[in-house]
Amino acid sequence: MDPRGVVGLQALLPLFFVWLTLQAGLFQLASASIQGYIGDRDMICPSVCRCDEDFIYCNDRGLSSIPSLPPSASVLYLQNNHINNPGLPTSLEHHLAVRVVYLYDNELDEFPLHLPPSVRELHLQDNNIRTIPRSALARMPLLEKLHLDDNSISTVSIEDQAFADNPRLRLLFLSRNHLSSIPSGLPASLEELRLDDNRISTIPTHAFRGLASLRCLVLDGNLLANQRIADDTFSRLSNLTELSLVRNSLQTPPVNLPSAHLQRLSLQENALTHMPRGSLDGMRRLQRLDLSGNNLTTLPRGLFKDLDSLGQLLVRGNSWHCGCNLRWLYDWLHTRGNTITVRGLTCHSPDKVRDMPLIDLNSEMEECEVVRTAGTKDRIGGGAFDSSTTQTPPQGSLFTLRSRRLGLGLPDSALDYTLSSSGVGKSLALNVKPLSHSSIRVTWSVAQPSSSFRLSWLRLGNGKAMGSITETLVRGDRREYLLTALQPRSGYIICMVPLPASSEGKGPVSGDVDSEESLVCAKAETSDLSPLEEEENADSQHITVLPLAGIIGGATAIVSLALIFGVFCWYGHRTGHLCPRDHYTRSSARKSKNYDDYIESGTKKDNTILEIRGPGFQMTPMAACQPMQPKPLREDYIIHTIFPSNGTGLYKGANHVSNAGHGTNRGYRDGGIPDIDYCYT
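About the cut-offs
Residues numbered from 1 in each chain as written. Predicted model: local features only at pLDDT ≥ 70, side-chain atom pairs only at ≥ 80, totals over all residues. Heavy atoms only, no water. Helix = DSSP H or I, 4+ residues; strand = E, 2+ residues; numbered from the N terminus. Buried < 20%, exposed > 50% of the residue type's maximum accessible area, 1.4 Å probe, protein only. Polar contact = N/O pair within 3.5 Å; in protein donor to acceptor, adjacent residues only side chain to side chain. Salt bridge = Lys/Arg side-chain N within 4 Å of Asp/Glu carboxyl O.

**Looking at the environment of Arg-354**
Part 1 of the reasoning: As for its position among the elements, Arg-354 is in the loop between β16 (347-349) and α4 (362-366).
Part 2 of the reasoning: A relative accessible area of 36% places Arg-354 in the partly exposed class.
Part 3 of the reasoning: Within the local environment of Arg-354, its side chain forms a polar contact with the side chain of Asp-351, the two groups lying 3.2 Å apart.

Structure follows, in structure tokens:
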């Protein structure tokens, strides 16, 4: 190789390295600029909202739709707006960083779609949501907390297995809805369930099947009674730590309550008349017991024998009888000392200890004989008290009976019955048949007597389990029901649940009923309107609409004429073309006279202006009341109040010095004198 070429290459090599360095620097600069631009785009905040990093605050803005959100948003505050279902953009499901969504107190009437699949906590309370479809919940497989309080959800509007695709759901709030029973198909992962302030009246055996992880159950403000709660309903909830049954119709605590882990038991504001001995056995972890607002007068000996961890005992609102029957409780409270807080344990009777706390009845309790055996009568102040306790009334037997009646063939419970025009359960067979475009006949047969039946029907809309729901109670002696006023060409799901007759006062019935098959449903579709029915319907609507249209049109015409007449009269009065009624009366009276008004009053008649030098009046000719009529024989005049130029007004002396204001019309008004008076002569 030529030595000169080698030398040339060696000289260019440093320049090549410098060029490479410059190129690398430019590449890094461009990369940083692009990243900064993307970062700026990620931080774009909607103009109507406020953003704090990944927290987007769009609440209380009066929004009807969700604005464009930055991709980095993780918590969306959208509550207290006017957002409806069309206001949820489909692009929302692409924001995969969103974890929490607050959409409560809006105008949603359906469960929202297009929510991000990454959502873990969803707040939808205070809307008008009526249904819970499985397809909408399946879009959020990571959902852990769902708040649906204060909506319009009923039992039949929750699609079957609606929560099957939410294996992580831990918290479900359905308070203040229209539920008539415990929703079925709840996920096994559920830890807290709130169903307070609904219309739940029955709890069958299978209601909480598979909910071994449930820790908190709230059933306040329902229609629960002892006879409609199955014996082993709550025993399946082995890990339950809090149970609230406030504001129901219980006469005793439900039997077989879970005792291993229960820490809080709320039974206030029921109709409790007694606490059976043994109803609280095994609750060694119970920390709070509330029995306030009931009809209790005494407590059986040994009721609290296992309540070693009890720290709060609330018993207000009961009529406690502080006899020797409560000597054991007096001793127990003194033994516990300051380790327990008691509220409301105040005596109501006998009269000598009324309004005194039980813990303070030292001398009275010393007079009592300690009861060693059951049924022994104690004495206090000469009174006798029975220490025995009333036995527990039967409970739950309605849900543990199995029909043995022959002749009514019911299918095997192992088979899967599809939704059709007939439904069959363990204790009820249901059949539906459309009769016309607006009615469906429902018939059923039962395997055992029932006090009543709960009949529900749901009109299907565009999607499954969509539409309006109606429920009614049917007497137990009926075996058919006619649904009327239905929509033509509409599908209906019709469900029935037998409500068993009370077992009070009756002997036991052998067997038990599998309540899982108690709800029976069938499907029917109303027919289409025939051409003749359509014509009659149209004619009836036309006949109905015509009188209404006539009334509205007539009223509108009368009001319009009255307004036009009022405007005409007002305008004529202002312009002077109309005269008051008394003017016409006086004019007609004058025409009947043969003498002159001016002569009678001593004034010379003249068409010119009569002007008085001192304070007086000015008379000018007035146009006739009706210009189109011939000029009357006598003329009318308008009398104007006139004042001298020196400011001397009426009712003022000649020596009065006026202020600057009386040289104008305002000055005369301030002096109590009108600018112009219209008089008729």
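**Observations regarding the pattern of salt bridges**
Part 1 of the reasoning: Summed over the entire model, instances satisfying the criterion amount to 17 salt bridges.
Part 2 of the reasoning: For Arg-170, the salt bridge identified is with Glu-144, shortest N-O distance 3.5 Å. Remark: Glu-144 occurs in the loop between α2 (134-138) and β6 (145-147) and Arg-170 occurs in the loop between β6 and β7 (171-173); sequence separation between them is 26 residues.
Part 3 of the reasoning: Judged by its relative accessible area of 22%, Glu-144 falls in the partly exposed class.
Part 4 of the reasoning: For Asp-331, the salt bridge is made with Arg-327, and the minimal N-O distance between the two is 3.2 Å. Of this pair, Asp-331 and Arg-327 both sit in helix α3 (residues 327-336), 4 residues apart, which is roughly one turn of that helix.
Part 5 of the reasoning: Judged by relative accessible area, Asp-331 falls into the partly exposed class, the value being 30%.
Part 6 of the reasoning: Through salt bridges that share partners, Glu-144, Arg-170 and Glu-191 make up one connected network.

**Remarks on unusual backbone geometry**
Part 1 of the reasoning: Cis geometry marks the peptide bond from Ser-349 to Pro-350, where omega comes out at -5°.
Part 2 of the reasoning: Of note, Pro-350 is situated in the loop between β16 and α4.
Part 3 of the reasoning: The backbone of Glu-53 shows a phi angle near 60°, a positive value even though the residue is not glycine.
Part 4 of the reasoning: Its place among the elements puts Glu-53 in the loop between β1 (50-52) and β2 (55-57).
Part 5 of the reasoning: The phi dihedral of Arg-489 falls on the positive side, at around 50°, and the residue is not glycine.
Part 6 of the reasoning: Relative to the assigned elements, Arg-489 resides in the loop between β24 (480-483) and β25 (491-500).

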